[in-house]
Each structure stands twice: as C-alpha cells, then as structure tokens.
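Read off the chains here:
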Amino acid sequence: MDAVRRAARPSRRGVLRAGGGAALAAVAGSAVTGCGAGTDDGVAADGTVTVEMWHGQADTAKKALEGLVADFERSHPKIRVKLGGGVLSDVMLQKVTAALAAGSYPDIAYIFGSDLARVARSPQVVDLTDMVASGPVPWKNYWAASRDAVTLNGRVRAAPAVLDSLAVVCNRKLFREAGLPLPKAGWSWQDFVSCARTLTRSGRGRFGTGWPGTGDEDTVWRLWPLIWDLGGDVVDDGGKNIGFADTGARALQVVADLARDKSVYIDPKPGSEQMYQVFQSGRMGMVVTGPWQLPDIETAGIDYHVVPLPSFSERPVTISGPDTWTMFDNGDARTEAARTFLSWLARPEQDVRWDIEAGSLPLSRRTEALPAWQDKVARTEGLSVFTKALETARVRPVHPAYPEVSQALGQAVVAVLLGRSTPEEALRACADDANAALLIPR
C-alpha cells in the first residue's frame, strides 16, 4: 500500500484477528443489559458540545482530518470535535469492543466495513437512516458500493468514510520486454494467467503477478469478483449456506493455474507490503491493487498502466471495500452534534479534500464532478479506471458471519496457492467450516 495508506491504515483490508468477533458478540450481549452512555454529556456551561472521534488515522490522513475539523469548528462554534482514540484503524475493533464493555465509548469511530455487522449489534450504535435521507448529498447520488457497505437489514448503520476499488496495474517495461501487448478492458482471466506465465522469469527473480498468502481478508477479497462474475455470492439466498458452492472451485482454479505456472509471488506477511515492494522494484509484471497504491508506484518510477479486472463473462465487475464512520449514542446533545459533523463531512466540498489528501475515491457522483477531483484524475495516470470501476463495484455483505466465511475461504486460497489442495478439495473444506458458522444463531 502507498505511504498514505500504510500510515493511515496499516491493514488496509481489515485483517481478521482471531477472537475479535467472539469478543464483540459478547460485548453486544452485555450492552443490552448493562452498558450505557458515559456520565459526561459533553455540554459545557456556554452550550458548546464536544464530540469524541476515534479516527484511526496517522500522518497524512490524520493531518487532512485535523484540517477539516478546524474548518468545521470555525463554521460551527458551538461544536468541538476531539480527535483521539490512541490506536490506528487496524486495531480499532478491539478498542471499541473494550469501550462498549466498559460503557465509555466515543461518539464516532472508524470501523472497517467488514466489521460493521458485528459492531451494529450493539444498541449503542446510532441508526443513521433518517440522517442520510435528509442529508446534504442525496443518498442515491452515492455510489452503490458506498450505500451497500453501511446498510444492514434495510437500515443505514454508519456513514461511508472511504471508498476504493480493485484493478490491475501493469509494468509497461516488462510487458514490452516480454513482447506482450498491454491488456485492455474486457480481457479474461485466462488472458491474465497467460500474461503472468509469459512475464515470469524465475531465473531473474521476476514474477508475473502476486497474491497475499496469509489467509486474511487481503487474501480473500481479491477472489470475490471472480465468484460474483460466475454467478455466485458470499451467502446464498436462504442465508444458511455459502453462495459459491457451485462457483468457488472455478474461481480457485485461476489461483491454482498461477501456482502451477510458478508465476505468482506469494506474500507470506500480512499487509501485502512485500508483494508491493516486489512490484515497485520492477520484478513483477502485474499487481491487483487499489488506488491507494498509485503514489508509491509513481515514487518508485514505474512506468505503469491500469486496466480493469479481467472477467469470465466479459462483463465488468470489481470489488470495493468501503470503511465507515460509526456513531454511538452518548445522549441527545452529543448525538445531534455528531450527526451535524458527519453530514458536513459528507458534503462534496469536504469529501473531495479528504479524497485527495487521504487517498480515497469520491463517495458520490457530485464529488466526482468537482473540478478539484477532475484535476486530480488528469494528473494521476490510471485513477480514472478505479473511479469508473465504481459503476459496477460490489461489496461484501454486511453479515455477522462474514468473518468466519472469510476465514474459511482464506484457508482455501492459501491451500491452493501452496499446492496443498486442489480447488475442489479446498472448497469442500471451506464449505464445511463456513456453512457451520452460518448456522449459528446471531
């Protein structure tokens, strides 16, 4: 990930940590019977309300947020936003879990989209359906990925915070040396595998592509576009079984083909930093990544080309992994002030500053149309490909059992990457574990 993303959110894809989901489930249960808001209502003698925001950002993104907060406070003198939390976003789930258990939690916290379903089980999470319906940006003007990532059972349980998408970044120099034309929109996964094979030079330490090999969410979310393109889904319509029993093996076959050809660099560490370093050193032909990676690629001096993800069907499909600003109830005054701030933050004139400075894609089409964003696109090779991909991007379901499904599929991907299982064997093991998790009442 780029310097901005690495500093702001060191685990960009929200690595699933053992035990986190179970701990949060216990907190959600205890909150129903015992936990309440803190005793501080946040209202000073002069009527000024203080909102506590656990932002999870660092360095460039933190500085961008601090600038936005300063501007907000100048235009809203009776509201103060206290930025804190003391942790980065990749451990925010644990921090919020402990805070809910203690009954002393913030007004706003940065929550990964894949964690929202678990967090939203707490009665302290504020329902934002009414806020977005009457907000400064029409709800339907948001990209579908932004809306879907914060909607659970028809209710909006958080505000979109950041937005991204996946595409393929190619090293032009390596393609020229291999005698390969640069891929274009509409290419196939068979084309991808073939390109990776041709680009690989094992004797020179050169790989066609890379894939995270830790089994975490970074490993898994790259496979969902293949499954969706084949007609599968994360969970079936009945909600009791995986939705990729008939398509998962074919998706995993792409992974198996890359492993068979020894054309894939398997990153053994969380965060995918080694995989990106290999690409940025000029020793990898293609990498599946998001827009957050572009600054590092430019800094490394790579002459690059961005193309949409391949498909089986020739229909465009990708995945977006939006994260959220989740609100918690600390009384009417603080809740209303927090709503005011998040509504202000969502306005295109603020969103575009956050997107440019912190490395997100526009949350809405109104933001995309602003001259500042169009100028950013004109100055950044390939950024338009990531933005256009939002038109067909899908998100992982806001489902409380998603972490278990992801963990099971992550193990399957790693088993295939390392040649320990065939796609069919790995999928059967995945289905056994994931289906068992889906049967647990939540």
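Scroll up a little and you will see the structure.
Computed from a predicted structure; not experimentally measured.

**Q** Tell me about the sheet that holds strand 12 (residues 286-289), and name the residues and values.
**A** Across the sheet, which stays open at both edges, the three strands sit in the order 12-7-13 with antiparallel pairing between neighbours. With partners counted over all chains shown, the strands left at the sheet margins are strand 12 and strand 13 (304-307), one partner each. For this sheet the average axis-to-axis angle between neighbouring strands, irrespective of direction, equals 25°. In this structure, strand 7 (residues 167-171) lies alongside strand 12, joined through four bridges in antiparallel fashion. By the bridge assignment, alanine 167 is partnered in strand 12 with threonine 289. Here helix 9 (residues 189-199) sits on the sheet in contact with strand 7 and strand 12, set at roughly 135° to strand 12.

**Q** If you had to explain the packing of helix 16 (residues 348-358) against helix 18 (residues 371-379) to someone new, which residues and values would you point to?
**A** It is at 9 Å that the axes of helix 16 and helix 18 come closest, and there the two elements cross at 20°. The angle between helix 16 and helix 18 falls in the class roughly parallel. For the crossing formed where helix 16 meets helix 18, the hand is left-handed. Taken together, the residues of helix 18 that come into contact with helix 16 (itself represented by Val352, Asp355 and Ile356) are Ala372, Trp373 and Lys376. Residue composition of the contact of helix 16 with helix 18, grouped by class: four nonpolar, no polar and two charged.

**Q** Describe in detail the packing of aromatic side chains, supporting the description with residues and values.
**A** Using the criterion set out here, one finds 14 aromatic pairs in the structure. Taking 5.3 Å as the distance between ring centres and 55° as the angle between the ring planes, the aromatic pair formed by tryptophan 139 and tyrosine 142 counts as tilted. Joined through ring pairs, the aromatic side chains of Tyr110, Phe112, Trp325 and Trp354 make up one cluster. Here lysine 95 stacks its cationic end above the ring of tryptophan 54, 5.1 Å away from the centre of that ring.

Parameters at a glance
- Residues numbered from 1 in each chain as written.
- Predicted model: local features only at pLDDT ≥ 70, side-chain atom pairs only at ≥ 80, totals over all residues.
- Heavy atoms only, no water.
- Pairing = 2+ DSSP bridges.
- Helix = DSSP H or I, 4+ residues; strand = E, 2+ residues; numbered from the N terminus.
- Axes fitted to C-alpha atoms, helices over the stretch in contact; angles between N-to-C directions.
- Contact = heavy atoms within 4.5 Å.
- Parallel < 35°, antiparallel > 145°, perpendicular 65-115°, else oblique.
- Left-handed = near helix turned anticlockwise from the far one by under 90°.
- Nonpolar A, V, L, I, M, F, W, Y, C, P; charged D, E, K, R; others polar.
- Phe/Tyr/Trp six-rings, centres within 6.5 Å; stacked < 30°, edge-to-face > 60°.
- Lys NZ or Arg CZ within 6 Å of the ring centre and 35° of its normal.

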